[in-house]
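Report on the structure
Each chain, letter by letter, is given below.
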Amino acid sequence: MRVAVLSHTYVEPVNRKKLRAIAEQGVELTLLAPAAWREAALGREWRTEPESDGGLRVVPVGVRRLLATPAAAVWDAHDLAATLSSGPYDLLHVEEEPWSLAARAAVRQARRFRLPTVLFTWHNLPGYPPWPLRLLARRVLGRYDGWVAGNAAAAQLLRRVDAARPLVILPQLGVDPPPGEMPRRDPTAATHIGFVGRLVPEKGVADLLDALARVTAPSRLTIVGDGPERAALASRAASLGLADRVTFRGAVAHHEVAALMRTLDILVLPSRGTARWAEQFGHVLLEAMAAGAVAVGSDCGAIPEVIDDAGIVFPQGDVDGLATALDDLARDGDERARLQRAGRARAAQFTHAALAERLVGFWRTVLEARDA
């Protein structure tokens, strides 16, 4: 099978582990990624270099950003056509939202070369985006032969468009397999709590600080990430008397996250939904569970389906509930160890290899349905 994958997600080389796992299954994979990409919220820029290694070929594509949002990125039609015409390919897999210019341009090019298409989407809010873009999204979705939903809510929205079209629920990215043995931690040390993510109001870091102020068991918090709320959160920590218990680490590179996770006892994702956003997955929770940290998250968006019964879920905005959960975990080493084991087992279901096997199986289903 020869498959082309189009997505801006894979400008970050660490994110290509799923693609390499797919190539290891004998699929000849070509990645179309932006030649240059910038994420202002992360303060990072990437450049994609041509590559051909172990069944994965990387092809840089010219991309022009009309607005900051990835949905307004214009992918060079000549570059897309040049790659797709160099096939033959069996399928084009696109990981961009259905209202994006990229999703529309990609399916147009695929039709030129009579390629079956699959679209991945995280979209999980029925009232967003505004109606003109929702109308565009429905039209674009109708041109794809199969869909991959990143969460259960996204799958429900897709089934409203077409209940019969091939559909599978799979996250976009996997995790490394959990190690056979976990590092031993000093039972007398303060419990190490962590947060990894953007420092914006909807991530709920203010709630985490308020909760930590109510935790009486020995504990400390490391906040990893950056964003417009950093100064306000640092001021809040100081006003709560937490200056000696909270460390603001700043943003770290993707490849540094795994090592950082291994230092944590607990990872908290206290997100709060808004009218325009709900947590679409919470990949850091899987990374934490794979590293042996207990996952604690709010009930925002897809967080409960990620954690399942392998961690603790609390109502979003419930500071007292979060404080109680953290205090109990800090004091009960046996319960913490039980949830660590459960989390590692949960994370093992989402390794790069496991996702690759399921996605390749779905591609075959789409091709069979189209040929029927």
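As a starting point, this report considers the structure included with it.

Glancing now at a nonpolar patch on the surface. Among the surface-exposed residues, Leu 66, Leu 67 and Leu 101 lie close enough to one another that they form a single nonpolar patch of about 280 Å² accessible area. Of note, Leu 66 is situated in the loop between β7 (63-65) and β8 (73-75).

Quick look at the packing of aromatic side chains now. Scanning all chains against the criterion turns up 3 aromatic pairs. Taking the centre distance of 5.8 Å and the plane angle of 40 degrees together, the rings of Trp 122 and Phe 281 count as tilted. Highlighted residues: Trp 122 in the loop between β10 (117-121) and α4 (131-141) and Phe 281 in the loop between β16 (266-269) and α9 (283-291), separated in sequence by 159 residues. Comparing Trp 122 with Phe 281, the two get one shared label, buried. Ring plane angle 65 degrees and centroid distance 6.4 Å describe the contact between Phe 281 and Phe 350, whose orientation is recorded as edge-to-face. One end of the pair, Phe 281, is in the loop between β16 and α9; the other, Phe 350, is in the loop between α12 (333-347) and α13 (352-371), and 69 residues separate them in sequence. Judged by its relative accessible area of 10%, Phe 350 falls in the buried class.

Strand order in the open sheet formed by 6 strands is β15-β14-β13-β16-β17-β18, with parallel pairing between adjacent strands. Only two strands of the sheet have a single neighbouring strand rather than two, namely β15 (246-250) and β18 (311-314). Adjacent strand axes in the sheet meet at a mean angle of 20 degrees when their direction is disregarded. Sheet topology places strand β13 (residues 191-196) next to strand β14 (residues 219-224); 6 bridges connect them, and they run parallel. Residue pairing for β14: Val 196 is matched across the bridge by Val 224.

On to the packing of helix α11 (residues 319-331) against α12, then. It is the contact of α11 with α12, at a shortest axis distance of 5 Å, that shows an interaxial angle of 100 degrees. By the angle class used here, α11 and α12 are roughly perpendicular. Judged by residue contacts, Leu 329, Ala 330 and Arg 331 of α11 engage Gly 333, Glu 335, Arg 336 and Leu 339 from α12. Grouping the constituent residues of the contact of α11 with α12 by class yields 3 nonpolar, 1 polar and 3 charged.

The next subject is the pairing of strand β1 (residues 2-6). Among the 5 residues of β1, 4 are classified as buried, and the element is accordingly described as predominantly covered. Sheet topology places β1 next to strand β2 (residues 28-34); 5 bridges connect them, and they run parallel. Each bridged residue has a counterpart across the sheet, and for Leu 6 the counterpart in β2 is Leu 32. In this fold, β1 hands off to helix α1 (residues 17-23), which returns the chain to β2; that crossover is right-handed.

Our next topic: the environment of Leu 125. By the element assignment, Leu 125 lies in the loop between β10 and α4. Taking the relative accessible area as the measure of exposure, Leu 125 reaches 15% and is therefore buried. Counting along the chain gives 151 residues from Leu 125 to Arg 276, while the straight-line C-alpha distance between them is 7.4 Å.

Let's shift gears to unusual backbone geometry. In this chain, Gly 87 is followed by Pro 88 through a cis amide linkage whose omega measures 10 degrees. Turning to its location among the elements, Pro 88 is positioned in the loop between α2 (77-84) and β9 (91-94). With an omega of 5 degrees, the peptide bond between Tyr 128 and Pro 129 qualifies as cis. Looking at the secondary structure, you find Pro 129 in the loop between β10 and α4. With a phi angle near 55 degrees, Asp 308 is a residue other than glycine that sits in the positive phi range. Position of Asp 308 relative to the elements: it lies in the loop between α10 (303-307) and β18.

Conventions used here
- The written sequence of each chain sets the order in which its residues are numbered from 1.
- Local features in a predicted model are, by the rule used here, given only for residues with pLDDT of at least 70; side-chain atom pairs are given and counted only at 80 or more, and totals for whole chains, interfaces and linings are based on all residues.
- To obtain the side-chain values, all non-hydrogen atoms of the structure were used and water was disregarded.
- Surface patches are defined over residues having more than 30% relative accessible area and no salt bridge, joining like charges when they lie within 9 Å and nonpolar side chains (Val, Leu, Ile, Met, Phe, Trp, Tyr) when within 5 Å.
- To measure how exposed things are, a 1.4 Å probe is used in the Shrake-Rupley method; for residues, cover is taken only from the protein chains shown.
- The salt bridge definition used is simple: a Lys or Arg side-chain nitrogen within 4 Å of an Asp or Glu carboxyl oxygen.
- Helical segments are the DSSP runs of H or I of at least four residues, strand segments are the runs of E of at least two, and each set is numbered from the N terminus.
- A pair of Phe, Tyr and Trp rings is counted when the ring centres sit within 6.5 Å of each other, with Trp represented by its six-membered ring. The angle between the planes then sorts it: under 30 degrees is stacked, over 60 is edge-to-face, the rest tilted.
- Note on exposure labels: buried denotes an accessible area under 20% of the residue type's maximum, exposed denotes more than 50%, and partly exposed covers the range between, all computed with a 1.4 Å probe on protein chains only.
- The criterion for strand pairing is that DSSP finds at least two bridges linking the strands in question.
- Angles run from 0 to 180 degrees between N-to-C directions of axes, and those axes are lines fitted to C-alpha atoms, restricted for helices to the stretch in contact.
- Put simply, angles under 35 degrees are roughly parallel, angles over 145 are roughly antiparallel, angles from 65 to 115 are roughly perpendicular, and the rest are oblique.
- Note on definitions: a residue-residue contact is assigned when non-hydrogen atoms from the two residues lie within 4.5 Å.
- Polar here means any residue other than Ala, Val, Leu, Ile, Met, Phe, Trp, Tyr, Cys and Pro, which are nonpolar, and Asp, Glu, Lys and Arg, which are charged; Gly is therefore polar.
- We call a crossover right-handed when, viewed with both strands directed away from the observer, the connection leading from the first strand over the helix to the second proceeds clockwise.

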